[in-house]
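One-letter residues, chain by chain:
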Amino acid sequence: MAEGAPVSRARDGREVRPTGRLTTMATLGYLALQAGKTVAALRAASRAPAAVEPSTEAIARVVVVQPILSGDPGLEDALRDNLLSLGGARFVWLVDEDDAEAQRVVERIGPAPRLEVRLCPPAPDGVNPKLAKLQPALDDCADDEVLLVLDDDTRLPRASLGALLGGLERATLATGLPAYLPGRTPWARLVEQFVDNNAALTYLPMAPVTINGMCWAMRVADLRAIGGFTPILRNLTDDLAVAGAVQRRGGTICQTASPQWITTTVESPGHYVRLMHRWMLFANLLLRRQPPGTVAAISVLHGIHPNLLWAVLAGSVRTRRPGPLVALLGGRWVLLQVVHRLVYGRSLHAPLPSLVSELVQPAHLGHGAVQRTIRWRTRTYRVRSDDDFSPVR
C-alpha cells in the first residue's frame, strides 16, 4: 500500500484498507441487487397465469408447430415426450428436405394421432429459415385455433400449456419460461446454469421486450391480423421480430412463470462458445432496438452482477480476506435456491458451473459485440443487423 494512503481499523483492531472496503461494498451491492431481483421475480410469478390442466376442448384447438433439425442426440426423445404430454393437440413437424437424419427420426417415431410431417425446401438467402417454415404451417390453420411454436429440444408439460392458454385470455401472445435439464458434459452444464440462473430473474421482473422463442403461443386469428410471419421473414432473431410485430400493432405479451424443459447436447468447448456467442450477438441486436431506459434496466438486471462478482473475487484474493466472497457465494446460493424452488418446483443450481458461467459472461458479451459471424445449427451467417444477414459459403 502506498505511503500516506488512508487506513481505518475494524472493531477488533485490524487494519481495514480501501481495497477491503470496496470489496465489502461490492458484496453488499451484489446481494442487494440479487435480493431485489428475487423479490420482483417472485412477485411477478405470483401474478402469472396458473399452471393448470387444460380442458379437452381447449387442447384440441392447439396446433403444436415444431421446426425440426437433426444433430442433437436427444431429438427423438424430446419429440416423443411432447406427443405424450400434449396428447389431444394437433402436431405439425417441419423437416428440411435435405435433412435425411431428421426424416429418419420422425419415421422411427411413426404415425401418431393428429400428427403431420411436412418436408420444407431450403430458405432463400436473407430469409430466416425458421420463419420460412412457420408461414406455410400457419396458412393451413383455422382462425379459431391456437398456434404453439415449440423448439425441437423443448419439452412442454401439460400444465405449462394450460398457463400459456391462460395467458392468451389476458394478452395477445403468451410466452414460456425456459429451464434446462442437467446435461452430460461440463459444457452443457455451463449453458444450463447460464439459463437457469438468469431466465426467471430477467424475464419475470420486466415488462416483456421480447419473447422466449423456444415456446410461445398466439391465436391464429390474431397472428393473421398482423400479417403472419411474412412481414418479418428477413429478421434473423425470430423471437424479437415476433414480439416487435405484436407490439407495433398494439398487442400485448404475457410472460408466464411455468417452465418448459430443454435438453441440448453441448459436446465440446467450441460448441459451447458458438452457442453463447450467438445468444450474446442476439442480445446486442435486442439492445440496439430499445430506448435508453430499457437498456439501463436490462444492463442492471443482467450485466452488473458478473462485474461485481469479479470485483469481490479479486478483492478477496488481494486482501487475503475470504469473508466477503464466502458471504456473497452463500447469499447467492440461498437466493437462487428460493427462486428455483418457488418458480420451477426444484433446485436447478450446480454451484461450480453456476459460478463459472457467471464469471465468463462479460467475455461472451464482448465476443458477441465484435464478432458478427455466427454458426446456427447447419448454417453460418454474417450478421450486419437484425434484418441484414447473409450466408457464408
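Given the structure is predicted, the values throughout are model-derived calculations rather than measurements. (Residues numbered from 1 in each chain as written. Predicted model: local features only at pLDDT ≥ 70, side-chain atom pairs only at ≥ 80, totals over all residues. Heavy atoms only, no water.)

1. What about the sheet that holds strand 4 (residues 90-96)?
Working step 1: In spatial order, the strands read 5-4-3-6-9-8-10-7; together these eight strands make up an open sheet with mixed pairing. Across the chains shown, the open sheet's two edge strands, defined by having one partner strand only, are strand 5 (115-120) and strand 7 (154-155).
Working step 2: With seven bridges joining them, strand 8 (residues 173-180) and strand 10 (residues 253-262) adopt parallel strand pairing. Paired with Tyr180 across the two strands is Ile262, which belongs to strand 10.
Working step 3: Of the strands in this sheet, strand 8, strand 9 (215-219) and strand 10 touch helix 9 (residues 238-248), which is tilted by about 160 degrees from strand 10. (Pairing = 2+ DSSP bridges. Helix = DSSP H or I, 4+ residues; strand = E, 2+ residues; numbered from the N terminus. Contact = heavy atoms within 4.5 Å. Axes fitted to C-alpha atoms, helices over the stretch in contact; angles between N-to-C directions.)

2. Focus: unusual backbone geometry
Working step 1: Even without glycine at this site, Arg114 takes up a positive phi of about 60 degrees.
Working step 2: Inspection of the secondary structure assignment puts Arg114 in the loop between helix 4 (100-109) and strand 5.
Working step 3: Using a relative accessible area of 36% as the deciding quantity, one classes Arg114 as partly exposed.
Working step 4: Phi at Arg320 is positive, roughly 60 degrees, even though this residue is not glycine. (Buried < 20%, exposed > 50% of the residue type's maximum accessible area, 1.4 Å probe, protein only.)

3. Details of empty space enclosed by the protein
Working step 1: Enumeration according to the criterion identifies two cavities of 30 Å³ or more in this entry.
Working step 2: Forming the walls of the largest cavity are 14 residues, and the residues nearest its centre are Gln34, Lys37, Asn198, His305 and Glu358.
Working step 3: Among the elements that line the lining of the largest cavity, the one with the most residues is helix 11 (residues 292-319), at four residues.
Working step 4: The class makeup of the residues in the lining of the largest cavity is five nonpolar, six polar and three charged.
Working step 5: Tyr180, Leu181, Pro182, Gly183, Ala188, Val191, Glu192, Thr264 and Val266 together form the lining of the second largest cavity.
Working step 6: Here the element with the most residues in the lining of the second largest cavity is helix 7 (residues 186-203); it accounts for three residues.
Working step 7: When its residues are assigned to classes, the lining of the second largest cavity shows six nonpolar, two polar and one charged. (1 Å grid on protein atoms, 1.4 Å probe; cavity = no way out; pocket = protein on both sides within 12 Å on 5 of 7 lines; lining within 4 Å. Points joined across faces, edges and corners; volume = space filled by probe spheres on them. Nonpolar A, V, L, I, M, F, W, Y, C, P; charged D, E, K, R; others polar.)

4. Side note on the nonpolar core
Working step 1: Within the largest apolar cluster, 30 residues are counted, with the highest numbers of intra-cluster contacts made by Leu177, Tyr180, Val191, Ala200, Leu204, Trp279 and Tyr344.
Working step 2: For this core, the secondary-structure elements that each account for two or more residues are helix 1 (18-47), strand 8, helix 7, strand 10, helix 10 (269-288) and helix 12 (323-344).
Working step 3: It is helix 7 that contributes the most residues to this core, eight residues altogether.
Working step 4: Counting residues in hydrophobic clusters, the runner-up holds 29 residues, among them Val62, Leu83, Ala102 and Leu165. (Core = buried A, V, L, I, M, F, W, Y, C linked by side-chain atoms within 4.5 Å.)

5. Observations concerning the pairing of strand 5
Working step 1: Summarising the sheet, strand 4 and strand 5 pair through six bridges and their orientation is parallel. Counterpart to Val92 in the pairing with strand 5 is Glu116.

6. Things to note about a nonpolar patch on the surface
Working step 1: Taken together, the side chains of Trp333, Val334, Val338 and Leu342 define a hydrophobic patch exposed on the protein surface, amounting to about 370 Å² of accessible area.
Working step 2: Residue placement: Val338 occurs in helix 12.
Working step 3: The exposure class of Val338 is partly exposed, given its relative accessible area of 33%. (Patch = residues over 30% accessible without salt bridge, like charges linked within 9 Å, V, L, I, M, F, W, Y side chains within 5 Å. Areas by Shrake-Rupley, 256 points an atom, 1.4 Å probe, with all protein chains shown as cover. Salt bridge = Lys/Arg side-chain N within 4 Å of Asp/Glu carboxyl O.)

These results come straight from atomic positions and should not be treated as a statement about function.
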